[in-house]
Amino acid sequence: MALLELKDVSMIYNGKVKALENINLTVSKGEWLAIMGPSGSGKTTLMNIIGCMDHATSGEINLDGISLMDVNNEELTSVRRDKIGMVFQQFHLVPYLTALENVMVAQYYHSIPDADEALAALKRVGLEDRASHLPSQLSGGEQQRVCIARALINYPVLILADEPTGNLDEANQNLVMKIFHQLHDEGHTIITVTHSPDVGKEAEHCVVIEHGHIKNAEVS
Amino acid sequence: MFWQLVKGALLRQRNRFILIALTVALGVSLASAMLNVVFDVGDKVNQELKAYGANITVVPKNAALLKDVYGLSGNETHKDYLNESELGKLKTIFWTNNIVAFAPLLEGNLTLADGSQVPAIGTWFEHTMNLPTGESFITGEKEMKSWWQIDGNYPIEGQNEVLVGKKLAQSKNIKVGDTVKYNGGNLKVSGIVSGGGDEDNSILTDLSVMQTVMNLPGKIDSIDVSAITTPENDLARKAAANPDLLSQQEREIWYCTAYVSAIAYQIEEVIDNSSARPVRQIAESEGKILDKTQLLMLLITFLSLLSAALGVSNLVSANIMERSQELGLLKAIGANDFSVILLILTEIFISGCIGGIFGYFAGLGLAQVIGMTVFESGITNNLIVIPVVCVLMLLVLLFGSLPAIRMLLSLQPAEVLHGR
Ligand SMILES: Nc1ncnc2c1ncn2[C@@H]1O[C@H](COP(=O)(O)OP(=O)(O)O)[C@@H](O)[C@H]1O
Ligand SMILES: [Mg+2]
């Protein structure tokens, strides 16, 4: 069953920069897809469109039964809030909130904050003993794991990670990939973006994108 | 959670907000100082301006007529007087609180022991009146003539003490402490007065002394009145020409406004057979100077608040810019525009209010400094300033936050989160 379906999706910035051209992509429930490609190939642009952070210029996108081309900005925000868990390359955390509070903020804007549940999410990424630390007191790998915990907290149907290990050393990269493997095993649908083949091959499937076109789709 | 966000931002990133609080504090302190002074300055400036003397003189009706028609002063053969007993009525008129001081006068001559005649004025120096209302009121030349320079002391009432004008004292070689003999007895010189007017050539005695000498018990020539007045306008000028020509409504407005003509009119109503005349230029300039001082201060208030608003808007914009990733993140995880704006406004308003409270109290201090240096007296803190300053401060914060709100609305999470 397709959770996400893109048909002929194009993205043109400022009327001239063709970042994506006629992208066709299908992601099933429970699938882990890696999107690979060199820098500037349009990976982040694709993630922004799938992650409901931006409207595509043309094409059709269906996410969990919702046509993303037909919703306005406000609705896009609520689809993002309800369906998507997002992890960025930079570990974006609110600097003046503790690890636990950073997870709870996502709950707050989604429904109601629940400290126990947030703590459980931190435990899942192995950070229950860092709950009361501020981001500045955490290592990069730990910060990224807090971001993953935050992405999971509202039970998203789709987890998006744009270069989640791009700023991490190998040990932390492995730790993070281990968490993604766990999530995949639990049945989560995941899309990771990376320019590193090492990271890409961990996923179930892999597509390569170059100059805004999908080059090939293969089962790894 | 909302408050956790606010608290986290305010406490853990204090420095960002201290400047906002300081800017607001500065604006509010100036504004509340100025407003306190403005509300109090009416009295202060009037006390200063009282130095220019009476702004209303009350004389008997006939004396005024003679002077108007023939250009004569009332002559000795047939002269009208006012009654001393009616003075208390001055404090019963509608604008009684605006009458700050008055003094009755009775002018005549004293024959000294050497046979020479010298001009003398009977008056009150510092007289306690028991008003019909049961209150008491201290008034007299001491209250009116703040510019008089007295070498020695003001006479104490009932002690046969007098002031001698400086020029007269020089020509007669009279000094403080001397006793002056005249046809009715002895007078003790408690002080030598120099004021630049008739007083410099006269002996100033208790009113009762002159009444006895001139055999006019209970009579006075005129009354000098010092009243706080509202500047004249068209209505006041029309009324001054002839109050009877006003419509009922105009008349009511005029009567219930502290125009010098309205006060003079009300004085004529209570003092029998009297004519009260504004000493016009002084009365007008008094109001004008007051108006201008207050206008100036309101202008300073406005400018200080404007600059505070500009300062706040700069600081807040910088704050938003610095935090664009953090705020974009909140939007990315599902915060809508409204909740992000609410969060930022709450932070700004809390820091602004903290600054405002400090600013208010600093302003009270500043008002005292202004009062002391400019008016040589403290300023009464007017509680009305608090709500006024609160409203002004909220306007400043709102105005200062407008650019930030615009920035927040256009902030796209996709743009700020994937650092390119
Ligand atoms: N907001 C934008 N405005 C204009 N051009 C953009 C914008 N975002 C991305 N691009 C352009 O689109 C292309 C794809 O960028 P991006 O999706 O960030 O690539 P990747 O993530 O694969 O490195 C690049 O040529 C980039 O310059
Ligand atoms: Mg990218």
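About the cut-offs
- Residue numbers here run from 1 along each chain, matching the order of that chain's written sequence.
- Think of it this way: whatever chain is written first is A, whatever ligand is written first is 1, and the rest follow in order.
- Local features are withheld for residues below a pLDDT of 70 in this predicted model, meaning they are given only at 70 or higher, and side-chain atom pairs are given and counted only at 80 or more; totals for whole chains, interfaces and linings count all residues.
- Only hydrogens and water are set aside; all other atoms, that is, all heavy atoms of the structure, feed into the side-chain values.
- What counts as a helix is a DSSP run of H or I of at least four residues, what counts as a strand is a run of E of at least two, and both are numbered from the N terminus.
- For each residue, the accessible area found with a 1.4 Å probe, counting protein chains only, is set against the maximum for its type, and the residue is called buried under 20%, exposed over 50%, and partly exposed in between.
- Here, residues are in contact when the closest pair of their heavy atoms is within 4.5 Å.
- Under the convention used here, a 1.4 Å probe and the Shrake-Rupley method define accessible areas, while residue burial counts only the protein chains that appear.
- Exposure above 30% relative accessible area and the lack of any salt bridge qualify a residue for a patch; like charges then connect within 9 Å, and the nonpolar side chains Val, Leu, Ile, Met, Phe, Trp and Tyr within 5 Å.
- For salt bridges, the criterion is a side-chain nitrogen of Lys or Arg within 4 Å of an Asp or Glu carboxyl oxygen.
- Angular values range over 0 to 180 degrees, each being the angle between N-to-C directions of two axes fitted as lines to C-alpha atoms, with helices fitted over their stretch in contact.
- Each angle is binned into one of four classes, with values under 35 degrees roughly parallel, values over 145 roughly antiparallel, values of 65 to 115 roughly perpendicular, and all other values oblique.
- Handedness of a crossing follows from how the near helix is turned relative to the far one, being left-handed for an anticlockwise turn of less than a right angle and right-handed for a clockwise one.
- Each aromatic pair joins two rings of Phe, Tyr and Trp (for Trp, the six-membered one) with centres within 6.5 Å, and gets the label stacked for planes under 30 degrees apart, edge-to-face for over 60, and tilted for any other angle.
- As a reminder, the over-ring test applies to NZ of lysine and CZ of arginine, requiring each to be within 6 Å of the ring centre and within 35 degrees of the ring normal.
- Summed over both partners, the accessible surface that disappears when two parts come together, traced with a 1.4 Å probe, is what is meant by buried area.
- Side-chain atoms alone can form a polar contact between residues adjacent in sequence; in general such a contact is a pair of N or O atoms within 3.5 Å, and within protein one must be able to donate a hydrogen while the other accepts it.
- A pair of strands is treated as paired once DSSP finds two or more bridges between them.
- Residues scored as charged are limited to Lys and Arg (positive) and Asp and Glu (negative), so that His and the chain ends carry no count.
- Charge positions come from single atoms, namely NZ of Lys, CZ of Arg, CG of Asp or CD of Glu.
- Grid spacing is 1 Å over the protein atoms alone, the probe is 1.4 Å, and a cavity is where that probe fits but cannot get out, while a pocket is an open set with protein on both sides within 12 Å along at least five of seven lines and lining residues have an atom within 4 Å of a point.
- Grid points are joined across faces, edges and corners, and a volume is the space filled by probe spheres set on the points.
- Polarity classes work like this: nonpolar for Ala, Val, Leu, Ile, Met, Phe, Trp, Tyr, Cys and Pro, charged for Asp, Glu, Lys and Arg, and polar for all others, with Gly in that last group.
- Residue-level confidence of the predictor is what pLDDT reports, using numbers from 0 through 100.
- Nonpolar cores are built from buried Ala, Val, Leu, Ile, Met, Phe, Trp, Tyr and Cys residues. Side-chain atoms within 4.5 Å join them into one set.

### Focus on the overall build of chain A
Okay, so step 1: Within chain A, the secondary structure is distributed over seven helices and ten strands.
Okay, so step 2: Within the span of chain A, comprising 220 residues, buried residues form 53% of the whole.
Okay, so step 3: Nonlocal contacts in chain A, meaning residues at least 24 apart in sequence, comprise 68% of its contacts between residues at least 6 apart.
Okay, so step 4: When the accessible surface of chain A is summed, it comes to about 9300 Å², and 47% of that surface belongs to carbon and sulfur atoms.

### Some words on a nonpolar patch on the surface
Residues and elements named next belong to chain B.
Okay, so step 1: On the surface, Leu299, Phe302, Leu303, Leu306, Leu310, Phe399 and Leu402 cluster together into a nonpolar patch covering about 680 Å² of accessible area.
Okay, so step 2: When contributions to the nonpolar patch are tallied by element, the ones reaching two or more residues are α10 (280-322) and α13 (385-410).
Okay, so step 3: In terms of residue count, the dominant contributor to the nonpolar patch is α10 (five residues).
Okay, so step 4: With respect to the helices and strands, the residue leucine 299 is situated in helix α10.

### A short note on the packing of helix α1 (residues 2-12) of chain B against helix α12 (residues 337-375) of chain B
Residues and elements named next belong to chain B.
Okay, so step 1: The contact between α1 and α12 brings their axes to 10 Å, and the two run at 50°. By the angle between their directions, the pair α1 and α12 is classed as oblique. Every pair of crossing elements has a handedness; the one defined by α1 and α12 is right-handed. Between α1 and α12, the contacting residues are Phe2, Trp3, Leu5, Val6, Ala9 and Leu10 on the first element and Leu342, Leu343, Thr346, Glu347, Ile350 and Ser351 on the second.

### Focus on the packing of aromatic side chains
Residues and elements named next belong to chain B.
Okay, so step 1: The full count for this structure, using the stated rule, is eleven aromatic pairs over all chains.
Okay, so step 2: Look at phenylalanine 94 and tyrosine 255: their rings are 6.3 Å apart centre to centre, the planes differ by 55°, and that puts the pair in the tilted class. Linking phenylalanine 94 in the loop between β2 (82-83) and β3 (99-111) with tyrosine 255 in helix α8 (residues 248-255), this pair joins segments that are 161 residues apart in sequence.
Okay, so step 3: A relative accessible area of 22% means that tyrosine 255 is categorised as partly exposed.
Okay, so step 4: Chaining the aromatic ring pairs together yields one cluster made of Phe94, Trp95, Trp254, Tyr255 and Tyr265.
Okay, so step 5: A cation sits over an aromatic face here: lysine 91 above phenylalanine 137, 4.4 Å from the ring centre.

### Brief notes about the interface of chain B and chain A
Okay, so step 1: Taken together, the 28 residues of chain B in the interface contact 26 residues of chain A.
Okay, so step 2: The junction of chain B with chain A conceals about 2500 Å² of combined surface from both sides, 64% of it contributed by carbon and sulfur atoms.
Okay, so step 3: Looking at the side of chain B facing chain A, the largest losses of area belong to Met1, Ile333 and His418 of chain B, adding up to 25% of the total buried there.
Okay, so step 4: When the shortest N-O distance is used, the salt bridge between glutamate 101 of chain A and arginine 12 of chain B registers 3.5 Å.
Okay, so step 5: Where chain B packs against chain A, one counts nine residue pairs in polar contact (both at pLDDT 80 or more).

### Re the pairing of strand β2 (residues 17-28) of chain A
Okay, so step 1: Note: strand β1 (residues 2-13) of chain A against β2 of chain A, eight bridges, orientation antiparallel. Looking at the pairing, isoleucine 12 of chain A lines up with lysine 18 of chain A of β2 of chain A.

### A word on a negative patch on the surface
Okay, so step 1: Taken together, the side chains of Glu5, Asp8, Glu60 and Asp70 of chain A present a region of like negative charge at the surface.
Okay, so step 2: Within the fold, aspartate 70 of chain A resides in the loop between β5 (66-67) and α2 (73-83).

### Side note on the pattern of salt bridges
Okay, so step 1: For the structure shown, the criterion picks out 20 salt bridges over all chains.
Okay, so step 2: A salt bridge links lysine 43 of chain A to glutamate 163 of chain A; its shortest N-O distance comes to 4.0 Å. Here the residue lysine 43 of chain A occupies a position in helix α1 (residues 43-50), and glutamate 163 of chain A occupies one in the loop between β7 (158-162) and α6 (170-185), the gap between them amounting to 120 residues. Glutamate 163 of chain A shares its class with lysine 43 of chain A; the two are buried.
Okay, so step 3: Between arginine 323 of chain B and glutamate 326 of chain B there is a salt bridge, with its nearest N and O atoms 3.1 Å apart. The residues arginine 323 of chain B and glutamate 326 of chain B share a single accessibility class, namely buried.
Okay, so step 4: Through salt bridges that share partners, Asp129, Arg130 and Glu142 of chain A make up one connected network.

### Here's the deal with empty space enclosed by the protein
Okay, so step 1: Here the structure, examined in full by the defined rule, presents three cavities of 30 Å³ or more.
Okay, so step 2: A volume near 140 Å³ is recorded for the largest cavity.
Okay, so step 3: Surrounding the largest cavity, Arg80, Arg81, Ile84, Gly85, Met86, Ala106, Arg150, Ala151, Ile153 and Asn154 of chain A together with Ala332 and Ile333 of chain B form its lining.
Okay, so step 4: Of all the secondary-structure elements, those providing two or more residues to the lining of the largest cavity are α2, β6 (84-87) and α5 (140-152) of chain A.
Okay, so step 5: For the lining of the largest cavity, the leading source of residues is β6 of chain A, giving three residues.
Okay, so step 6: Residue classes in the lining of the largest cavity are distributed as seven nonpolar, two polar and three charged.

### Quick notes on the sheet that holds β5 of chain A
Okay, so step 1: Read from one edge of the open sheet, four strands run β2-β1-β4-β5 (chain A), paired in antiparallel fashion. Across the chains shown, the open sheet's two edge strands, defined by having one partner strand only, are β2 and β5 of chain A.

### Description of the environment of methionine 86 of chain A
Residues and elements named next belong to chain A.
Okay, so step 1: With respect to the secondary-structure elements, methionine 86 resides in strand β6.
Okay, so step 2: By relative accessible area, which is 12% here, methionine 86 ends up buried.
Okay, so step 3: Taking C-alpha positions, methionine 86 is 5.8 Å from alanine 161, a pair spaced 75 residues apart along the chain.

### Regarding the confidence of the model for chain B
Okay, so step 1: On average, residues of chain B score 86 in pLDDT, and 91% of them are at 70 or above.
Okay, so step 2: Here the predicted complex scores 0.67 on pTM and 0.92 on ipTM.

### Here we look at the pairing of strand β6 (residues 136-139) of chain B
Residue and element names in this part refer to chain B.
Okay, so step 1: In β6, alternate side chains face the same way, and those of Phe137 and Thr139 are buried while those of Ser136 and Ile138 on the opposite face are not.
Okay, so step 2: In this sheet, β6 lies alongside strand β5 (residues 127-130) in antiparallel orientation, the contact comprising four bridges. Residue pairing across strands places asparagine 130 opposite serine 136, the latter belonging to β6.
Okay, so step 3: Between β5 and β6, which pair antiparallel in sequence order, lie five residues; one of them, glycine 134, sits at a positive phi of approximately 100°.

### A few points about the nonpolar core
Okay, so step 1: Counting 114 residues, the largest nonpolar core has Phe180 and Ile191 of chain A as its most contacted members.
Okay, so step 2: Top element by residues in this core is α12 of chain B. It accounts for eight residues.
Okay, so step 3: If we ignore the near neighbours within four places in the chain, the residues touching phenylalanine 180 of chain A are Trp32, Ile148, Ile159, Ala161, Pro164, Ile190 and Thr192 of chain A.
Okay, so step 4: The next biggest cluster of nonpolar side chains, apart from the first, holds 44 residues, and it includes Leu82, Trp124, Val180 and Ile203 of chain B.

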